[in-house]
Structure formats: C-alpha cells, structure tokens
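# Coordinates in review
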Amino acid sequence: MRVPPKYVNNPQVGQHAVSDVQHIVDATSQHNSLTDRVDRQEPVPETSSFTASERTTCSVPRPNAADSYTQDFIDFIYENPTVFHATEYFAELYIKNGFEFLAERDDWTPKLKKGGKYFTTRNGSSIVAFVVGGKYKGGNGAGIIAAHIDALTARIKPISKQPVVEGYTQIGAAPYSGTMTNTWWDRDLGLGGRVVVRNADGIFRTKLLSIPYPIARIPTLAPHFGAPALGPFNLEINTTPIIGLEPSDPSENNLKPEEVGAPLAGKHNIRLLRVIAYALSVEVRDLLNFDIELFDTQKGTIGGLEQDFLFCPRLDDKMCCYAAAHALLNSAEETATSGSSINVAAFFDNEEIGSLLKQGARGGLLEGSVTRVVKSLGGDATVEQTYANSFLVSADVKHAVNPNFAYAYLPYHTPKLNVGITVPWDPNGHMTTDSESASFLEEIARRTDNTIQYFQIRNDSRSGGTIGPMLSSSLGCRALDVGIPQLSMHSIRACTGSRDIPLGIKIFQAFYEEWEDVDQAFKRGEIKSSGVVS
C-alpha cells in the first residue's frame, strides 16, 4: 500500500493525521511481511487475526441432454447478432442439410423437382425454404410456418457523426421500433450489420460485420441529480450512445492521405470507420455504405435453481424461426419421400415496423415462391386451388404470465413456461386464430403428445399484431397464430423456459408431419355447396 504523498513531511498535517500516517506505514509493512511469507510459501503466524473463509465454486450448469437445442440456440443468438447474420445462418444450415439455393433473379423451372429441397432469400434479411413432396400433385396445398426474423434494435444513422460533448465521442443512432428505452440504458452494446464494399476489381459486394466486444453505451443519469434523472427523456438528446473519449492527439481525427475522398469520410467518425474497415479487412476508402445496428453483447445463459429458464437477448422472434427451421429439417426426408404437398418455412424482416418493405411479409416472397412451384410442377392446377388447400401457422412469441403482474392477465389465459406452445386469440382480427384452425392444431397436438395453451388480452389492454392476418388475407388460406411464451417481451434481454425451444421444435415438426392427414379428416367434414355436411 502506497502512502499518499500529501501526508508525508507535510507541516500542515495535524498530530492526529501524522499518527494515522504512522498506522498506515505500520500496517503496510505488516501487509508486505505477510505477503512475502505467502509468496515464499511460509506459514502465516498463528497470531494473525484474519481467517480465510472456505470457498466453494460451482461451474455454470448446462442444459440436460434432452435440451441440447437450447445451448445451440444460445450460440446461434450470440454468433448471429443481426438480421443479416441470422438469415445467413439459416441459409448455411439449409445448405448443410442438402437444400439447394434458388436466386430470385434466376429461372427456377429447370431446377425444381418433386422430392427437392430448396430455399431463396431477399435483401439478405428474409428467407423462404421449402420441401416439395415426393408424391406432390398439382392443386395440393402447402403447410406453412411463417415467422419474423428481425428484432428490436437501434440503427446507426446515415450520417452518425456527432459534435464533441465534454470530451466524449458519440454516435448517432435511431430506434428501430420501440427501442432505446430504459432496458437499453447501461448495457454493453456491440456493433454489427451489413456493409457494402468495393473490391479492388471494382465489383460491389456485401460483408457482414460483427464486433462483439462492447463499443457503445447509453449512460443513465445518477439518481443523485434529482428531477433530470427521472425523465421523461428525449430520445434524440438523452439516448445518444458514447463510443469513446476524444484522443489526446487531435490529429487522430484527421484523414490520412489514403482516406481522403473516401465515400463515408465526413459522414461518420473516422476512428469508427477505421475500426469497421479493420474488422472487414478492407481499406476505409472501400467502404461505400452500411446497415449497422447496436446489439446487446451479453451471451444468453441458462438460469434458475433447476435450470428452468433461458435468459437471452433477441428472443423475439428468432426463437420461433429457429424452432421452425429445425422442424422443417427434421421432417424433410419424410416429406421428400412420401409427402404429397409442400412444406414451407418463411422468415421475414421488418415485422416490428409494419412489414411494408420488399423484405417484409407483405413483399410477396412467400407467394412468389409457392407460385413458381405450382407453375413448374403443378400441371394445370391453379395457385388459388393450392392456397385453398393450404394451412398457415403464424409463429411469433407470446406473453408468458408474469407473477409480479398476474393481475394484468385475463384469468385462465396465463401461459406458463416449459409447458408448450401458446395459441393467441383476438376478437378484433389482430390474430388469425378461429375455432376451425385451433381445432386443426389441437388435433395434431393430441396425436403427437403436445400441449396447447391459450392467451387472449384483457378488454382494457391493447393487443399486439403478427404477420398472420396479412399473410392469410393475401394467400386466402386457413391460418392460426401460435407462439413460444416468454417474459419481458421487447426488453433488450428477455426470458423463456429452458425447454420451450425443444417444445417448439416438437410441435412444429408434428405440424409438418401430420397436417396433410389431419387436413383430409377436416376435408371430409366440410360443408358442400348444397349446405349439407358430407
């Protein structure tokens, strides 16, 4: 321990302070003596008044073997922090399992065949995969699970440079949907997304950026400041992330000769651009533009006394995407061999902001993909007939009951974790579920030992929405909404059950494997044009 200089040989220090200094020196000498003995492995004298407590260290528990999907999901979320990374993850997963990529710009007709497995993408942020039944017949329907792959985030502004405030370097960011709220403050935020670069050969390419170590932070104001710390807060003024301190050498903010004329120079902090360029192994002058966002860098983990919980960022709605993709893969061989319809998994961007962009659910990627299959393999069958025989499952996370706010839930509509999928209802059309579609999934659940839970919002609360209504109205097919339950929806870090992802895979796989047979049972009971039930 070093004695502060101001207390040494200072005539202004009183007698008590000098005495205190002597105690500090004595204690320091004793500490050094004890430390020397420990370093030399000498026993500490028994006269020492300090007795160390016994320490017990427990390793972090891993999920049970039956829940191996949960740990894989944690790794998936950590390694794929943005919508672009997640889309590429699923594309690579499909390729590893024998799926063939079909570019939207190409003619699919020569490639499509019965028993084939395919996928296509749009904008690098939406993906549709499908398996054509080995016994497919024109006019037969499609079993579709659709989810959204985007998550609430904060997007870096097109010109993100900010004036220096009290020596801090900051970055301009804008909320994507309902972010930059209190759960985003005081979090360790990384930087990632898609960057457009120009290679030395003049060809334009996109590269995925992921800087997983914390770069940014939105600091709160300590409560000691009173009213200013209580809010309300201005999203433009009070939530600007800090990304560093201004350098002691101001010349570090100057452009180097080779950076002069770079397309992004002057729009973003040059030190930030250097970090991005270094991470991508390119030069600053090669950076043309980017779609970059902030994300929580803390990795997901299993929690709870009995490992009951999964604490993780970006559950909404990558959790349902992950479950649907693995369900499609697990059922693919059976479908390709003996199926007579088409099984589809479709993951869309931009659900959180209305789905109105080309990569959103309203963009027609799903409809176009099914139409191409019907035209290539369906003979004289029409797309309309195909959709009439189809069934859509709109999958998005749902509200698990919160024990601290149980009064906010409608009685008997309180989904639990680690029980099974939740089917939401809404009398105002925010969900697609009706009695026929719910009965359809419940029959599949009975056949495959799955549990179904119900949820409906209270009359004095506002219901959220999903891509279900827009897709079912566009396709004209039967549909229902489902979701894996979670706590803390729209928080930067949420919670679900550690067994809920395997349960989601189980019910989605059951849908892909059973829906054709269940559909035949429903078809035999349909009302004919004469109004008589056959």
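Note that residues are indexed from 1 along each chain, following the sequence as it is written. Confidence filtering applies because this is a predicted model: local features only for residues at pLDDT of at least 70, side-chain atom pairs given and counted only at 80 or more, and all residues used for totals across whole chains, interfaces and linings. Here the side-chain values reflect all heavy atoms present in the structure, with hydrogen atoms and water set aside.

A tally of regular secondary structure across the protein gives 10 helices and 20 strands. Every one of the 534 residues in the protein was classed for burial, and the buried ones make up 46%. When checking whether two residues touch, look at their non-hydrogen atoms; a contact exists if any pair is within 4.5 Å. Within the protein, counting contacts between residues at least 6 apart in sequence, those at least 24 apart form 74% of the total. The Shrake-Rupley method, run with a 1.4 Å probe, gives the accessible areas here. Residue values count only the displayed protein chains as cover. Carbon and sulfur atoms make up 52% of the accessible area of the protein, which totals about 26900 Å². Helix and strand assignments follow DSSP, with helices taken as H or I runs no shorter than four residues and strands as E runs no shorter than two, numbered in order from the N terminus. Burial status follows relative accessibility: with a 1.4 Å probe on protein chains alone, a residue under 20% of its type maximum counts as buried, one over 50% as exposed, and anything between as partly exposed.

Before going further, it helps to examine the packing of aromatic side chains. Pairing of aromatic rings covers Phe, Tyr and Trp, the last through its six-membered ring, and needs centres within 6.5 Å; plane angles under 30 degrees mean stacked, over 60 mean edge-to-face, and all others mean tilted. Throughout the structure, instances matching the rule amount to 22 aromatic pairs. An angle of 20° between the planes, with centres 6.3 Å apart, marks the rings of Phe511 and Trp515 as stacked. Here Phe511 pairs with Trp515, and both are found in helix H10 (residues 500–524), just 4 residues apart, close to one helical turn. Here Phe511 falls in the buried class, since its relative accessible area comes to 1%. On the accessibility criterion, Trp515 (1% relative accessible area) is buried. The rings of Tyr69, Phe73, Phe76, Tyr89, Phe90, Tyr322 and Phe347 are connected pair by pair, giving a single aromatic cluster. Positioned over the ring face of Trp108 is Arg372, at 4.2 Å from the centre of the ring. Placement of a positive charge over a ring is assigned whenever Lys NZ or Arg CZ falls within 6 Å of the ring centre and within 35 degrees of the normal to the ring plane.

For the rest of this paragraph, the subject is the pattern of salt bridges. We count a salt bridge whenever a side-chain nitrogen from Lys or Arg sits within 4 Å of a carboxyl oxygen from Asp or Glu. If you walk through the whole model with that rule in mind, you get 18 salt bridges. For Arg493, the salt bridge is made with Asp296, and the minimal N-O distance between the two is 3.6 Å. Within this pair, whereas Arg493 is found in the loop between strand S19 (485–486) and strand S20 (494–497), its partner Asp296 is found in strand S10 (residues 287–296), the two being separated by 197 residues in sequence. Overall, Asp296 belongs to the buried group, its relative accessible area being 2%. When the shortest N-O distance is used, the salt bridge between Arg447 and Asp517 registers 2.5 Å. On the criterion of sequence distance, the pair formed by Arg447 in helix H8 (residues 435–448) and Asp517 in helix H10 is long-range, its members being 70 residues apart.

Another aspect to go through is the sheet that holds strand S3 (residues 126–132). Being paired, for any two strands, means DSSP has found at least two bridges between them. Spatially, 7 strands are ordered S1-S2-S3-S13-S4-S14-S18 in an open sheet, and the strand pairing comes out mixed. Where the open sheet ends on each side, the last strands, each with one partner, are strand S1 (100–101) and strand S18 (478–482). Of the strand pairs in this sheet, S3 and strand S13 (residues 342–348) are connected by 6 bridges, and their pairing is antiparallel. Opposite Val132, over in S13, you have Ile342 as the bridge partner. Think of each axis as a best-fit line through the C-alpha atoms, taken over the contacting stretch in the case of a helix, with angles from 0 to 180 degrees between the N-to-C directions. Each of strand S4 (142–148), S13, strand S14 (391–395) and S18 touches helix H9 (residues 468–475); the most contacted strand, S14, lies at about 165° to it.

Let's shift gears to the sheet that holds strand S11 (residues 301–303). Read from one edge to the other, the open sheet built from 3 strands follows the order S11-S12-S20, with strand pairing classed as antiparallel. Edge positions in the sheet fall to S11 and S20, since each has one partner strand and no second. Averaged over all pairs of adjacent strands, the angle between their axes in this sheet comes to 35°, without regard to strand direction. Direction of pairing for S11 relative to strand S12 (residues 309–312): antiparallel, over a ladder of 3 bridges. Residue pairing for S12: Thr301 is matched across the bridge by Phe311. Strand contacts of helix H5 (residues 315–338): S12 and S20, with the helix running at about 30° to S20, the strand carrying the most contacts.

Quick look at the pairing of strand S16 (residues 421–424) now. Here S16 shows no split at all, with Ile421 and Val423 on one side and Thr422 and Pro424 on the other all buried. Bridge count for S16 against strand S17 (residues 452–455) is 4 bridges, and the pairing is parallel. Looking across to S17, one finds that Val423 is bridged to Tyr454.

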